[in-house]
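Topology and contacts: notes
So you can see what is in the structure, the chains are spelled out below.
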Amino acid sequence: MNNKELAKNVLELVGGEQNISGLTHCATRLRFVLKDDHKADLKALDQLEGVLKAQNSGGQIQVVIGARVDAVYSEMKNLTSDHIGELMESADSGPKKRRNPVNVVLETIAGIFTPVLPALVGCGMIKCVATVITAMGYLEGSGFLTIINMIGDCIFYFMPFFLAVSAANRFKTNPYLAVALAAGLMHPTILNAAAQIAETGVNRIDFLGLPILLMKYSSSVIPIILAVWIMSYVYPIVNRVIPKFLQVLLTPMIVLFIMIPVELIVLGPVGSYIGDWLTNGINSLFSTAGVLAGAILGFFKPIMVMFGMHYAIMPIQVQQVATLGATVLLPTALAANLAQAGAAFGVFVLTKSKTMKSAAASSGFTALFGITEPAIYGVTLKYKSPFFAGCLAGGLVGGFYSLVHTTANAISLPGLLAIGTYSSDRYMYVVIGCIAAVVLGFVFTLMAGIKEDAEGAKLKQQTTGGVNSTPTVTATEVTPESVLSQTFTSSDMLIVSPMTGEIKPISEVEDQAFAQELMGKGIAIVPTDGKVYAPFDGVVEALYRTKHAIGLKAANGVEILIHIGVDTVSLKGKYFTAHIEQGQTIKAGDLLVEFDPEGITTAGYNTITSIVVTNMQQYGDVLTTATSGPIRESEALIKLIP
């Protein structure tokens, strides 16, 4: 499935663009704020090829995509109308309902800082390069190194401007007036006077009898966010009072006349003090209970990532780097990320599935460089024990980093490429911690093991009725001659055909997600009638709104997807009739869906149907009983070897 198709399917499964009141994205996930969360089909999203995980967390529907998220996000822009374009990089609360204040705060922080992340990470990596060059003693005092340092520092020096634009989008107010507020904080009148307090002894300016404290706001975070938030209420009030023919002239003038003095007299100092209190509070915590604090953050960092809560500490990290030149929080994130990488490599060694080996290896390397969502959602969390093995390793190394006073002097993705920005009592401790996190995550995973073999044995027992029982080859009681002519062992499992038609290799399906077996291993059938029957006893795990695809789970744990036609999702249910509902229990032979092959073909769509095993990683191999020729409903089709 290409990026455009994925964006289209995700958009459909969250309830369409009419259901979206806010949309943003981070390094790995799309973040939707919906008018009605119940319209989002999380199960279908979770099973969508290209989606690692879908969840409702922090007031958002989060669709974890991985490294492709930026491209999918861009395609979603192209697919939707101007209305949705206005909501991009926004996270409006949408429905007018009571919401958890904590979720609102977390959502707001994420909505403001997520768009700024590329600049933060980019400058952080440049800072890393400058640090490495300086440490090696090259180009000292050169113009090149001066410019490199300038690039690394620019986002922190001008932080209010970046946050002004992002906050304006979040609070749905005028971004240019928000930038003007940032300019008020950054004007030389304030900055130069603040820098000269020691010489002049003047620490305030009088404004209509009210004092404006002279403070340096160049690296501040909270003052500009507070100012833009207040302006989002002031602007519409002023706009309502001013006659329409004068709004263009008077509204901006009055808003700025109100807001800039307010931010300089009240919001700026209050925001700065809050930022200082948070920064000093975290530093005090680490200085008095550093090992415990580091261990707790190192352990819980992956759990915070799961729920999108890691953005809650972003302002504190930025404030620490801006005011103190370093943060004590990022090293714990580095430990947690590398530990999850080690856990993924542990799964690579333990798993017998070729597909899971590939996923574990690729996501493990991704985690080494600071992006852990593919490893967490695609590998470690799937087996649970590797995830917590990684958490334990991250906690131990996080405590070690706190013990040796490890800090980071730039905001960057906490991975191997950024270790040049970290410092410690001895730099070797940074390297030792990185190695220890990967090794401990790996070793703890090997010690904990994964439940793959146990689950396989359970499936085997469910299918065969026990080790010494009589061989049983199918999850149903169907035993046609074609089944009896096959040679199976007692541990083999058989899936029968859900329809009548002509067998084709899965590679002939004009959909690369199926043809390349990305959705799972299986076979294709060109149907000769328009009926799909249950191939076993089980449950309907997923029924797409368009009725063109059905996810089934057998009583013995086998999971299959039946996808009728190619791109038939575009028909929006036309020519399809469902006789079952999602969550319904089914018996072998039950009629699931009827469709009109002639109508679908006339509409320009191919009716070739893909039948694939979606949990194929639980089996040693997935074989087909034939690759061509006619087949009837209930005849042997797919053989599973545990």
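Fair warning: this is a prediction, and the values are worked out from it, not measured in the lab.

**Overview of a nonpolar patch on the surface**
- Among the surface-exposed residues, Val-266, Val-270, Tyr-273, Ile-274, Trp-277 and Leu-278 lie close enough to one another that they form a single nonpolar patch of about 560 Å² accessible area.
- The residue Tyr-273 is located in helix H13 (residues 247–306) in this model.

**A word on the nonpolar core**
- Phe-113, Leu-120, Leu-163, Ile-224 and Val-318 are the most contacted members of the largest nonpolar core, which has 67 residues in total.
- At 9 residues, the largest contribution of residues to this core is made by helix H15 (residues 330–350).

**A short note on the pattern of salt bridges**
- Scanning the model with the defined rule gives 1 salt bridge in all.
- We note a salt bridge from Glu-559 to Lys-553, for which the minimum N-O separation is 3.9 Å.
- Accessibility expressed as a relative area gives 23% for Glu-559, which makes it partly exposed.

**Here we look at the sheet that holds strand S20 (residues 621–624)**
- Judged by pairing direction, the sheet is antiparallel, and its 3 strands sit side by side in the order S9-S22-S20 without closing on themselves. Of all the strands in the sheet, just strand S9 (493–496) and S20 have a single pairing partner and so form its edges. Each adjacent strand pair in this sheet contributes to an overall mean axis angle of 25 degrees, direction not counted.
- Examined bridge by bridge, S20 and strand S22 (residues 636–641) share 4 bridges and lie antiparallel to one another. Opposite Val-622, over in S22, you have Leu-640 as the bridge partner.

**Re the confidence of the model for the chain**
- Across the chain, the average pLDDT comes to 80, with 86% of residues at 70 or higher.
- In the model of the chain, helix H21 (residues 481–484) stands out as the element of lowest mean pLDDT, 36, in contrast to helix H19 (residues 427–448), which has the highest, 95.
- Note that residues 453–491 has pLDDT below 50 and, in this model, 54 contacts with residues that lie over four places away or in other chains.

**Remarks on the sheet that holds strand S12 (residues 531–533)**
- Read across the open sheet, the 3 strands follow the order S12-S18-S16; overall the sheet is antiparallel. Strands at the two margins of the open sheet, each flanked by one partner only, are S12 and strand S16 (576–578). The average angle at which neighbouring strand axes cross in this sheet is 15 degrees, direction not considered.
- Alignment of S12 against strand S18 (residues 591–595), held across 3 bridges, turns out to be antiparallel. Bridge pairing in S18 places Lys-531 opposite Glu-594.

**Overview of the side chain of Asn-9**
- The residue Asn-9 is located in helix H1 (residues 3–13) in this model.
- Discounting residues that sit within four places of it in the chain, Asn-9 has contacts with Met-1, Leu-48 and Val-569.

**A few points about unusual backbone geometry**
- Positive phi is not limited to glycine here, since His-405 has a value of about 60 degrees.
- Checked against the element boundaries, His-405 lands in the loop between helix H18 (385–403) and strand S7 (407–408).
- At Lys-547, a residue that is not glycine, the phi angle is positive and equals roughly 65 degrees.

**Describing the environment of Asp-41**
- Topologically, Asp-41 is positioned in the loop between strand S2 (29–34) and helix H2 (42–47).
- Separated by 501 residues in sequence, Asp-41 and Ala-542 place their C-alpha atoms 9.4 Å apart.
- Here Asp-41 is in contact with Leu-13, Arg-545 and Gln-582, once residues within four sequence places are set aside.

The rules behind each value
- Residues numbered from 1 in each chain as written.
- Predicted model: local features only at pLDDT ≥ 70, side-chain atom pairs only at ≥ 80, totals over all residues.
- Heavy atoms only, no water.
- Patch = residues over 30% accessible without salt bridge, like charges linked within 9 Å, V, L, I, M, F, W, Y side chains within 5 Å.
- Areas by Shrake-Rupley, 256 points an atom, 1.4 Å probe, with all protein chains shown as cover.
- Salt bridge = Lys/Arg side-chain N within 4 Å of Asp/Glu carboxyl O.
- Helix = DSSP H or I, 4+ residues; strand = E, 2+ residues; numbered from the N terminus.
- Core = buried A, V, L, I, M, F, W, Y, C linked by side-chain atoms within 4.5 Å.
- Buried < 20%, exposed > 50% of the residue type's maximum accessible area, 1.4 Å probe, protein only.
- Pairing = 2+ DSSP bridges.
- Axes fitted to C-alpha atoms, helices over the stretch in contact; angles between N-to-C directions.
- pLDDT = per-residue confidence, 0-100.
- Contact = heavy atoms within 4.5 Å.

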